[in-house]
Amino acid sequence: MWSIAVGVFVVLACVSGLHVYWGQGGLWPAKSEAELVKTVVGSPKFDRLPPAVITYGVAVLIFAAALMPGLHLMQVFPDALSRAALWVLVVVFLGRGAVTYCVPPVFNGATEPFRSLNIRYFSPLCLMLGVGYLVFALYS
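Predicted model, so just to flag it, every value in this text is computed and none were measured.

Thresholds applied
- Residues numbered from 1 in each chain as written.
- Predicted model: local features only at pLDDT ≥ 70, side-chain atom pairs only at ≥ 80, totals over all residues.
- Heavy atoms only, no water.
- Helix = DSSP H or I, 4+ residues; strand = E, 2+ residues; numbered from the N terminus.
- Rg over C-alpha atoms; globule rule 2.2 N^0.38 Å.
- Buried < 20%, exposed > 50% of the residue type's maximum accessible area, 1.4 Å probe, protein only.
- Phe/Tyr/Trp six-rings, centres within 6.5 Å; stacked < 30°, edge-to-face > 60°.
- Core = buried A, V, L, I, M, F, W, Y, C linked by side-chain atoms within 4.5 Å.
- Contact = heavy atoms within 4.5 Å.
- 1 Å grid on protein atoms, 1.4 Å probe; cavity = no way out; pocket = protein on both sides within 12 Å on 5 of 7 lines; lining within 4 Å.
- Points joined across faces, edges and corners; volume = space filled by probe spheres on them.
- Nonpolar A, V, L, I, M, F, W, Y, C, P; charged D, E, K, R; others polar.
- Axes fitted to C-alpha atoms, helices over the stretch in contact; angles between N-to-C directions.
- Parallel < 35°, antiparallel > 145°, perpendicular 65-115°, else oblique.
- Expected span 1.5 Å × (residues − 1).
- Bend = angle between axes of the 7 residues up to and from the residue.

**Digging into the overall build of the chain**
In step 1: The helix and strand inventory of the chain stands at five helices and zero strands.
In step 2: In terms of C-alpha radius of gyration, the chain reaches 16 Å, essentially the compact-globule figure of 14 Å for 140 residues.
In step 3: Taken over the C-alpha atoms alone, the chain extends approximately 45 × 35 × 20 Å along its principal axes.
In step 4: Across the 140 residues of the chain, 31% fall into the buried class.

Right under this line is the structure:
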C-alpha cells in the first residue's frame, strides 16, 4: 500500500507544484498566456488564466489529495473520516477521467491542444489515480 501512496503523492505533488508555478506567472509548457490557456484550460470562453489565488487554491486541494493515502495509512484521522475522504477522491478522479470517454459532449467545445492532451494524458492519469484511491478505499 505504501508504494501506491508514494506513487499517488509524487504524481499529485508534481501537478500541485505545476499549479503553483502557473500561479506565479510561469508559462510552461506554452510560450504565451493565450497558448497556456488553450493547453491547460481548454475552454474557448477564456483567453486569460484564472487569478493566481484560484490557481493556488487548486494547488492546495491537489496537494491535500496527494497526502490523503499516506495520512490514511498513518491513521492521522479517524478511520470513518479518512475513508470518506478516500471515497470522495475515488469519485472525483474516476469521474473526471471517465467523463472524457463516457460523456464526450462535455469536452466537445474544448480548444486544441487541450482536447487531444485530455484524451491522451489528462483523463488516463485521472483514471489511474482514481484506481489508486479505490484500492485504498477498499483494501486499507
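**Quick look at the packing of aromatic side chains**
In step 1: For the structure shown, the criterion picks out four aromatic pairs.
In step 2: When the ring of Phe114 is compared with that of Phe122, the centres are 5.6 Å apart and the planes differ by 45 degrees; the resulting orientation is tilted.
In step 3: An aromatic cluster of three or more residues is present, and its members are Phe107, Phe114 and Phe122.

**What about the nonpolar core?**
In step 1: In this structure, Leu12, Ala65, Leu86, Leu89, Phe93, Leu129 and Tyr133 are the most contacted members of the largest nonpolar core, which totals 16 residues.
In step 2: Elements with a minimum of two residues in this core: α1 (2-23), α3 (52-73), α4 (79-102) and α5 (114-139).
In step 3: Of all the elements, α5 adds the most residues to this core, at five residues.
In step 4: In this structure, Phe93 is in contact with Leu12, Ala65, Cys126, Leu127, Leu129, Gly130 and Tyr133, ignoring residues within four places of it in sequence.

**What to know about the environment of Val10**
In step 1: The topology assignment puts Val10 in helix α1.
In step 2: Note on Val10: relative accessible area 42%, which makes it partly exposed.
In step 3: Placed 48 residues apart in sequence, Val10 and Val58 show a C-alpha to C-alpha distance of 17 Å.

**With respect to helix α2 (residues 33-41)**
In step 1: Among the residues making up α2, those that are buried are Leu36, Val37 and Thr39.
In step 2: Each element contacted by the buried residues of α2 is listed here: α1 and α5.
In step 3: Phi for Gly42, located one or two positions after α2, is positive at around 80 degrees.

**Considerations on the layout of surface pockets**
In step 1: Taken as a whole, the largest pocket spans an internal volume of roughly 1,200 Å³.
In step 2: Along its surface, the largest pocket is lined by 36 residues, and Val15, His19, Trp22, Val58 and Ile62 are the ones closest to its centre.
In step 3: Taken together, the elements giving at least two residues each to the lining of the largest pocket come down to α1, α2, α3, α4 and α5.
In step 4: Of all the elements, α3 adds the most residues to the lining of the largest pocket, at eight residues.
In step 5: Partitioned by chemical class, the residues of the lining of the largest pocket number 31 nonpolar, three polar and two charged.

**Details of the packing of α2 against α5**
Each pair of packed helices can be summarised by the angle the axes make with each other and by the distance between the axes.
In step 1: Taken N-terminus to C-terminus, the directions of α2 and α5 make an angle of 40 degrees; their axes are 7 Å apart at the nearest point. Taken together, the axis directions place α2 and α5 in an arrangement best described as oblique. Residues Lys38, Thr39, Val40 and Val41 of α2 touch α5, and the partners they reach there are Phe114, Leu117 and Phe122.
In step 2: Considered class by class, the residues forming the contact of α2 with α5 number five nonpolar, one polar and one charged.

**A short note on α5**
It helps to recall that an α-helix has 3.6 residues per turn; residues three or four apart then point in one direction.
In step 1: For α5, spanning 26 residues, the distance from its first C-alpha to its last is 35 Å, which sits close to the expected 38 Å at 1.5 Å a residue.
In step 2: Maximum bend of α5: about 35 degrees, positioned at Arg120, with proline Pro124 one to four residues after it.

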